[in-house]
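What follows is each chain in one-letter form.
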Amino acid sequence: MMSEITVHVDGTPRRLTVDTRTTLLDALRERLGVTSPKKGCDHGQCGACTVLSGGRRVLSCLTLALTQDGARVVTAEGLAARGQGAGGQRSDDGLHPVQRAFIDCDAFQCGYCTPGQVVSAVGMLDEFARGWPSAVTEGSRPPELDRAEVAERMSGNLCRCAAYVNIVPAVQQAAAESGPAAPGAEVAE
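Residues numbered from 1 in each chain as written. Predicted model: local features only at pLDDT ≥ 70, side-chain atom pairs only at ≥ 80, totals over all residues. Heavy atoms only, no water.

Enquirer: What am I meant to see in the side chain of Asp 26 here?
Expert: Relative to the elements of secondary structure, Asp 26 occurs in helix α1 (residues 24–31). A distance of 2.8 Å separates the side chain of Asp 26 from the side chain of Lys 39, its partner in a polar contact. Excluding its chain neighbours within four sequence positions, the residues that come into contact with Asp 26 are Arg 31 and Lys 39. (Helix = DSSP H or I, 4+ residues; strand = E, 2+ residues; numbered from the N terminus. Polar contact = N/O pair within 3.5 Å; in protein donor to acceptor, adjacent residues only side chain to side chain. Contact = heavy atoms within 4.5 Å.)

The structure is reproduced here in structure tokens:
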């Protein structure tokens, strides 16, 4: 069965007709030509396909495109286009602060997982700024963005090249440079 949907991808409304079984990842890559989300495992285990939908991290390989009718989806390409962090800071080169930090910290090797890592980091930094706990957050105190906290929050994104040693400092650098997002602020517009 075919359905017509409109998805706002990286700030641009895109109308398309999709089979109701089409994933958001396939709609983005094959129908709209947005190739920054990668097809890694196609089972929701690697995180290479991570995008933001309504400001929340989603695995686009497990999300039906039909469920995103009217949604605001941000990919790594859209982050670069915005070049703005959670606190509204702009970088001089047009990159999002997380993208700049990944470059500064050499937080990639082959680069295949990098768009998903970057998008996931943006989403997780928003969650962190809102005070959301993780599995390693101790007690009722606000979480600290230490190595264990970053590793846990980014654990849904795999890197086969094992660039983790640089990904964690990149996320910490981006957090320090961006400052906290305002409570209730949405990163995905």
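Continuing now.
Enquirer: Any chance you could explain the pattern of salt bridges here in plain terms?
Expert: Think of it this way: side chains of opposite charge can pair up when their charged atoms draw near. Within the structure shown, the criterion is met by 9 salt bridges. For Asp 42, the salt bridge identified is with Lys 39, shortest N-O distance 3.7 Å. The closest approach of N and O atoms between Arg 57 and Glu 127, which form a salt bridge, is 2.8 Å. Of this pair, Arg 57 sits in strand β4 (residues 56–59) while Glu 127 sits in helix α4 (residues 114–129); the two residues are 70 residues apart in sequence, bridging distant segments of the chain. When salt bridges with common partners are traced through the structure, they connect Asp 26, Lys 39 and Asp 42 into a single cluster. (Salt bridge = Lys/Arg side-chain N within 4 Å of Asp/Glu carboxyl O.)

Enquirer: I tried to follow the nonpolar core on my own but got confused; where do I start?
Expert: Note that soluble globular proteins tend to have their nonpolar side chains buried in a common cluster. Ranked by size, the top nonpolar core spans 27 residues in total, and within it Val 98, Phe 102, Met 124, Leu 125, Val 150, Ile 167 and Val 171 carry the most contacts. Looking at this core, the elements that each hand over two or more residues are α2 (76–82), α3 (97–104), α4 and α6 (164–178). With 7 residues, the single largest contributor to this core is α4. Dropping the residues within four chain positions of it, Val 98 is found in contact with Val 118, Ala 121, Val 122, Leu 125 and Ala 174. In this structure, Val 7, Val 34, Val 51 and Ala 65 belong to the second largest nonpolar core, which totals 14 residues. (Core = buried A, V, L, I, M, F, W, Y, C linked by side-chain atoms within 4.5 Å. Buried < 20%, exposed > 50% of the residue type's maximum accessible area, 1.4 Å probe, protein only.)

Enquirer: Before we go on, may I ask you to explain the sheet that holds strand β1 (residues 2–9) in this structure?
Expert: Taken in spatial order, the 5 strands line up as β2-β1-β5-β3-β4 in an open sheet, and their pairing is mixed. With partners counted over all chains shown, the strands left at the sheet margins are β2 (12–19) and β4, one partner each. The mean inter-strand angle of the sheet, taken between neighbouring strand axes irrespective of direction, is 40°. Sheet topology places strand β3 (residues 50–53) next to strand β5 (residues 72–74); 2 bridges connect them, and they run antiparallel. Considered in β5, the bridge of Leu 52 is made with Val 74. (Pairing = 2+ DSSP bridges. Axes fitted to C-alpha atoms, helices over the stretch in contact; angles between N-to-C directions.)

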